[in-house]
Amino acid sequence: MDCIFCAIANHEIPSNVAYEDEQMICFHDLEPQAPVHVLAIPKKHIESLDDVKPDDEALLGHMMGKIKEIAATLELENGYRVVSNNGEDAFQTVKHLHFHILGKRKMTWPPG
Ligand code: 5GP
Ligand code: ZN
C-alpha cells in the first residue's frame with residue numbers, strides 16, 4: 001500500500017515531529033494554514049473515521065487525550081481548533097485518518 005502518512009509514521013519520509021509514541025505521531029503540516037498547524041495520526045493505517053472499528057476505540061481515546069498535551073507543548077493556551085476531514089465532501093486529500101490541530105490565530109466559523 002502506498003500511503004504517505006504511513007511512510008511518515010515509519011520515518012521513511014522525514015517530517016518535523018511534534019510528538020510521538022508507540023500508537024501515534026504528530027508532525028507539522030507541509031502547508032500550514034495557521035502559524036501552528038500539526039497533524040496527529042494513528043500509526044495504524046485507518047483510512048478515515050468511517051473505517052474506525054470498535055477495536056480502535058482505545059487508540060482514538062488515547063489520541064484525543066494526547067491532543068491537549070500536544071497543544072500545551074505548542075503553547076496554544078489561547079485556544080486551538082481540531083479538524084478531521086473525512087471523505088469527498090470534506091475534501092480529505094490524504095486517505096489516512098488525521099486530526100489537524102491549528103492555532104496561534106483567530107479562527108472563523110463556519111469553516112470553508
Ligand atoms: P486533508 O486535506 O486530507 O484533510 O489534509 C492533508 C494534509 O496533509 C494537508 O494539510 C497537507 O498539507 C498535508 N500533507 C500532505 N502531504 C504531506 C507531507 O508529505 N508532509 C507533511 N508534513 N504534510 C503533508
Ligand atoms: Zn496510511
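Use the structure listed above.
Residues numbered from 1 in each chain as written. Chains lettered and ligands numbered in written order. Predicted model: local features only at pLDDT ≥ 70, side-chain atom pairs only at ≥ 80, totals over all residues. Heavy atoms only, no water.

A.B. asks: Is there a simple way to explain the site of ligand 1 in this structure?
C.D. replies: If you check the shell around ligand 1, you find 16 residues, and the closest are D29, N85, T93, H98 and H100. A distance of 2.9 Å separates a nitrogen atom of ligand 1 from a polar backbone atom of H28. Within the side chain of H100, an N or O atom sits 2.8 Å from an oxygen atom of ligand 1. Summarising the interface, the protein chains cover 84% of the accessible area of ligand 1, which totals 510 Å² for the free molecule. With respect to the detected pockets, ligand 1 is housed in the largest pocket. Secondary structure elements with two or more residues in the shell around ligand 1: helix 1 (4–9) and strand 2 (24–28). (Near = heavy atom within 4 Å. Polar contact = N/O pair within 3.5 Å; in protein donor to acceptor, adjacent residues only side chain to side chain. Areas by Shrake-Rupley, 256 points an atom, 1.4 Å probe, with all protein chains shown as cover. 1 Å grid on protein atoms, 1.4 Å probe; cavity = no way out; pocket = protein on both sides within 12 Å on 5 of 7 lines; lining within 4 Å. Sits in = over half its atoms within 2 Å of the grid points. Helix = DSSP H or I, 4+ residues; strand = E, 2+ residues; numbered from the N terminus.)

A.B. asks: Got a minute to help me understand the coordination of the zinc ion (ligand 2) in this structure?
C.D. replies: Reference values for coordination geometry: four tetrahedral donors around a metal ideally subtend 109.5 degrees, six octahedral donors ideally subtend 90 or 180 degrees. Only C3 (SG), C6 (SG), H45 (ND1) and H96 (ND1) from the protein coordinate the zinc ion (ligand 2), and they sit 2.0 to 2.3 Å from it. Within one chain, the residues donating to the zinc ion (ligand 2) are spaced in sequence as C-x2-C-x38-H-x50-H. Remark: H96 occurs in the loop between strand 4 (80–83) and strand 5 (99–103) and C3 occurs in the segment before helix 1; sequence separation between them is 93 residues. The class of C3 is buried, set by a relative accessible area of 11%. Residue H96 is classed as buried on the basis of its relative accessible area, which comes to 0%. (Donors = N, O, S within 2.8 Å, 3.2 Å for Na, K, Ca; no water. Buried < 20%, exposed > 50% of the residue type's maximum accessible area, 1.4 Å probe, protein only.)

Scope: geometric values only; no functional claims are made or implied.
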